[in-house]
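One-letter residues, chain by chain:
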Amino acid sequence: MLYHAYELTHAAMGPMRTAAEVSGHALRNPFFPFATTLPARATAAACEMFINATRRYAKPEFGITETEIAGKTTLVTEEVVLAKTFCNLLHFKRDLPSGSGLADRRNDAKVLIVAPMSGHFATLLRGTVEAMLPDHEVYVTDWIDARNVALSAGRFDLADYTDYIRDFSRFLAADGERASILAVCQPGVPCMMAASLMAEDDDPARPASLILMGSPIDTRINETEPNRLAQTHDLRWFEQNVIVTVPWPNQGFLRRVYPGFLQLSGFMSMNFDRHVDAHTDQFHNLVKGDGDSVTAHRAFYDEYLAVMDLTAEFYLDTVEMVFQKHALPKGEMLHRDRPIQPAAIRDTALMTIEGEMDDITGRGQTEAALALCPNLPASMKLGYMQPKVGHYGVFNGSRFRRYILPKMRDFICANRAMVQG
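Quick caveat, the model's predicted, so the values are computed rather than measured. (Residues numbered from 1 in each chain as written. Predicted model: local features only at pLDDT ≥ 70, side-chain atom pairs only at ≥ 80, totals over all residues. Heavy atoms only, no water.)

Looking now at the pattern of salt bridges. This structure, assessed with the given rule, holds 23 salt bridges. When the shortest N-O distance is used, the salt bridge between Arg 94 and Glu 137 registers 3.1 Å. With Arg 94 in strand 3 (residues 87-94) and Glu 137 in strand 5 (residues 137-143), this residue pair connects regions lying 43 residues apart in the sequence. Each member of the pair, Arg 94 as well as Glu 137, carries the same accessibility label: buried. In this structure, Arg 220 and Asp 218 form a salt bridge, with 2.9 Å as the shortest nitrogen-oxygen distance. Note on Arg 220: relative accessible area 42%, which makes it partly exposed. Classification of Asp 218 by relative accessible area gives buried; the value is 7%. Within this structure, Lys 84, Asp 167, Arg 170 and Asp 203 form a network of salt bridges that share partners. (Salt bridge = Lys/Arg side-chain N within 4 Å of Asp/Glu carboxyl O. Helix = DSSP H or I, 4+ residues; strand = E, 2+ residues; numbered from the N terminus. Buried < 20%, exposed > 50% of the residue type's maximum accessible area, 1.4 Å probe, protein only.)

Put into structure tokens, the structure is as follows:
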């Protein structure tokens, strides 16, 4: 009933949104004699705030069409190179024509950026992709909104997620070079699982390096509010209270999901005062006509408020195995009844990145991955903590570009590997 109530409320607000749009346009019309007065500007601003608060935010576009390599502007084309039921593998293909002086960059290391499946779309990593493009062949997992996947397509759980990572690694290694994997937040655990399985199998496509950014490897360390919330109730409570059925007429009709709007409400509540202040400032900027500030606010919230649903089985697996049982650090994680053994990792270099002010993944939770790989040479391990950044700043923003990115680039380059045999 929760999802139905959400859809009904959205539909019921439709006429009021339309009225607000008409009113806003009329009040801003230059032919309206009072358009420049404070009451008119304030009312128009209120109309826009109402529309933004009640509308549905569509999946954003990456919109990356060019990058700069060695001082030269290079065109970029986004293409789907491998399509699976719950995820498309995107390649941001750089145009490096012969004679351009950039032909040697065709051999840049391949990097698979594994976007989190935690409510937001992969476009949240737009800044990460843009920063990596000048020096790497970049691929990104573009997870598909579960409410748009037909029930007949089957389940998708933590084991399936792990299998997807292995499939993508094999696809990228088809030309003879092992790719590097960059796991942002939530994918850290399934990426560790995939790397462990591939190492144990001596899979020639195993990652050359694995970089974990703000990943909840061991959530017993420096618990944060999301960690504590997961332990407040048993798994049955989560299944009964946050898992809902996708309503008709969505393509995923009858699929059980953890809806994106619930995940978003959790994100918003963690920093509620900050969001209230941001929207208050937006109202004042609309009244003043501060175009730059208004545009920046819109760009951020168009991304932040666009959310996707997760399959119930994946969400519940993650809550139980990662946040309640701590299965990976305790050596109890299984993949289809097969034990996960990170100790099998011997030649996949491992780097962990944490933020000093991260309030989602506490300090030490990601670095714990290094201790799980005792047979990996110390020269292939690196733990880094970036001062003065929170969770988002670990993979985006000025400090990411200035301090974290160069270390990642050097680490990937130093541990680049060809497939043997």
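Turning our eyes to something else, we now look at the pairing of strand 7 (residues 180-184). The buried fraction of strand 7 amounts to five of the five residues, a majority that puts the element mostly inside the structure. The side-chain alternation of strand 7 yields two buried faces, one formed by Ser 180, Leu 182 and Val 184 and the other by Ile 181 and Ala 183. Note that strand 4 (residues 110-114) and strand 7 share four bridges and pair parallel. Each residue of the ladder has a partner; that of Val 111, found in strand 7, is Ser 180. As defined by bridge partners, strand 7 adjoins strand 8 (residues 209-213) across five bridges and the pair is classed as parallel. Bridge pairing in strand 8 links Ala 183 to Leu 212. This β-α-β element, strand 7 to helix 6 (residues 188-200) to strand 8, shows right-handed connectivity. (Pairing = 2+ DSSP bridges. Right-handed = clockwise from strand over helix to strand, strands pointing away.)

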